[in-house]
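# Structure at a glance
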Amino acid sequence: MTPPEIFDRALRRRRRDRAAPGYAEFDFLRAHMLDGIAERLDDVKREFRDVLDLGSFSGAFTLPGARITRIDAGGRFAAMTGGLQADEDRPNFPDGSFDLIVSMGVLDQVNDVPGALALARRALRPDGLFLGAFLGGDSLAMLRRAFLEAEGERPVARFHPRIDVRAAGDLLSRAGFALPVADVETLTVRYAGLGNLLRDLRGMAATNLLPGTPPLRRDTVARAAEAFARQADADGRTAERFDIVYLTGWAPDPSQPKPARRGSATTSLADALKARD
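### What to know about the overall build of the protein
For the protein, the helix and strand inventory stands at 9 helices and 7 strands. Projected onto the principal axes, the alpha-carbon positions of the protein cover approximately 65 × 60 × 45 Å. About 14,600 Å² of surface is accessible on the protein, with carbon and sulfur atoms providing 52% of the total. One way to put it: in the protein the 40 positive side-chain charges average out to a point 3 Å from where the 39 negative ones average out.

The structure is reproduced here in structure tokens:
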């Protein structure tokens with residue numbers, strides 16, 4: 001039996017198509033993720049020739065000398081970059097097609113994240129690298145609080161479930177990646193009002209994709225705007241939180257370092273502590 005899907009795939013495609021023409025004005029979060037991925041790539045002293053950009057948006061990721069295949073769930077983004085339209089948990093590439101896969105800003109909207117990561121691991125050659133970044137943790141805490149207050153005793157499910165950094169590391173391991181690492185960086189953006197935040201979320205294709213959510217009523221938005229404003233600083237701006245979770249994992253290869261066998265230590269913890277006295 002197929003489990004119910006978390007996100008509406010057709011709605012997601014429409015939202016991405018709507019955002020594509022003006023995306024450059026709202027790409028600040030993904031630009032921050034791109035910088036984080038670039039820093040991590042700088043620490044890897046090797047060349048990558050065949051690269052998959054999984055969830056490419058406008059194709060801002062580049063790597064000199066590499067052949068980059070781009071995939072996006074939105075038809076317009078795919079067309080803009082000469083890429084393929086496909087959901088990240090449904091790509092169809094032969095095993096071992098790439099030596100680097102990057103994914104920025106999409107895994108928090110994918111129905112089957114474990115499946116997407118497993119497919120990515122299979123599409124990598126041995127000792128290939130996966131680098132990902134997405135919004136997780138306690139992102140949009142102020143917006144959530146404002147809508148909970150606005151809808152009172154009968155809140156509507158309008159916010160996506162978020163993956164925290166510990167669960168992200170576990171997902172890498174479950175997908176079969178070696179040397180998995182997950183870390184988080186918090187970015188704070190200060191908004192003059194709720195409308196500005198909602199405009200940014202629409203512009204970056206990051207609005208609610210939960211199926212069957214009733215449309216927002218004007219009175220609900222008005223109450224949420226008041227609640228959002230009550231969380232403002234003395235200068236009238238509300239600090240919203242974006243937790244960016246970064247993932248690093250390698251396709252297994254015999255050349256990689258292995259953790260020490262359990263029980264193979266030659267010095268006891270008690271002896272080590274005594275040496276510090």
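### Points about the sheet that holds strand β3 (residues 84–85)
One open sheet holds the 7 strands; their spatial order is β3-β2-β1-β4-β5-β7-β6, and the pairing between them is mixed. Strands with a single pairing partner mark the edges of an open sheet, and in this sheet they are β3 and β6 (178–191).

### Remarks on the nonpolar core
In this structure, Ile37, Phe61, Leu100 and Phe242 are the most contacted members of the largest nonpolar core, which totals 46 residues. Elements with a contribution of two residues or more to this core: α2 (28–42), β4 (98–104), β5 (124–136), α5 (141–151), β6, α7 (194–203), α8 (218–230) and β7 (238–250). Considering every element that reaches this core, the biggest residue donor is α5, with 6 residues.

### A few points about α2
End to end, α2 covers 21 Å across 15 residues, agreeing with the expected 21 Å (1.5 Å per residue, within 8%). Those residues of α2 not exposed but buried are Leu29, Arg30, Met33, Leu34, Gly36, Ile37, Arg40 and Leu41. The arc that holds the buried residues of α2, viewed along the axis, is 165 degrees, so those residues lie on one side. Counted as exposed and oriented over 90 degrees from the buried face of α2: Glu39 and Asp42. Tucked inside the fold, the buried residues of α2 contact β1 (50–54), β4, β5, β6 and β7.

### Quick notes on the packing of aromatic side chains
Tallying each qualifying case throughout the model produces 6 aromatic pairs. Seen from their ring centres, Tyr23 and Phe77 are 5.4 Å apart, and the 80 degrees between their planes marks the pair as edge-to-face. Separated by 54 residues along the polypeptide, Tyr23 in the loop between α1 (9–19) and α2 and Phe77 in helix α3 (residues 75–81) bring together distant segments of the chain. Each of the two residues, Tyr23 as well as Phe77, counts as buried. Measuring from ring centre to ring centre gives 5.2 Å for Phe93 and Phe98, while their planes differ by 85 degrees; the resulting arrangement is edge-to-face. Overall, the relative accessible area of 23% leaves Phe93 in the partly exposed class. Given the relative accessible area of 5%, Phe98 is considered buried. Three or more aromatic residues link up through ring pairs in this structure, and these residues are Tyr23, Phe57 and Phe77. The ring of Phe57 has Arg16 sitting right over it, with the charged end atom 4.1 Å from the ring centre. Of note, Arg40 hangs over the ring of Tyr246, and the distance from its end group to the ring centre comes to 3.8 Å.

### Observations regarding a negative patch on the surface
Among the surface-exposed residues, Asp35, Glu39, Asp42, Asp43 and Glu185 lie close enough to one another that they form a single negatively charged patch. If one sorts the elements of the negative patch by residue count, α2 sits on top with 3 residues. Note on placement: Glu185 falls in strand β6. The partly exposed category is assigned to Glu185, whose relative accessible area is 34%.

Definitions and cut-offs
Residues numbered from 1 in each chain as written. Predicted model: local features only at pLDDT ≥ 70, side-chain atom pairs only at ≥ 80, totals over all residues. Heavy atoms only, no water. Helix = DSSP H or I, 4+ residues; strand = E, 2+ residues; numbered from the N terminus. Areas by Shrake-Rupley, 256 points an atom, 1.4 Å probe, with all protein chains shown as cover. Lys, Arg positive; Asp, Glu negative; His and termini not counted. Charge placed at Lys NZ, Arg CZ, Asp CG, Glu CD. Pairing = 2+ DSSP bridges. Core = buried A, V, L, I, M, F, W, Y, C linked by side-chain atoms within 4.5 Å. Buried < 20%, exposed > 50% of the residue type's maximum accessible area, 1.4 Å probe, protein only. Expected span 1.5 Å × (residues − 1). Arc of directions from axis to C-beta. Contact = heavy atoms within 4.5 Å. Phe/Tyr/Trp six-rings, centres within 6.5 Å; stacked < 30°, edge-to-face > 60°. Lys NZ or Arg CZ within 6 Å of the ring centre and 35° of its normal. Patch = residues over 30% accessible without salt bridge, like charges linked within 9 Å, V, L, I, M, F, W, Y side chains within 5 Å. Salt bridge = Lys/Arg side-chain N within 4 Å of Asp/Glu carboxyl O.

Purely spatial values, then, with no claim about function.
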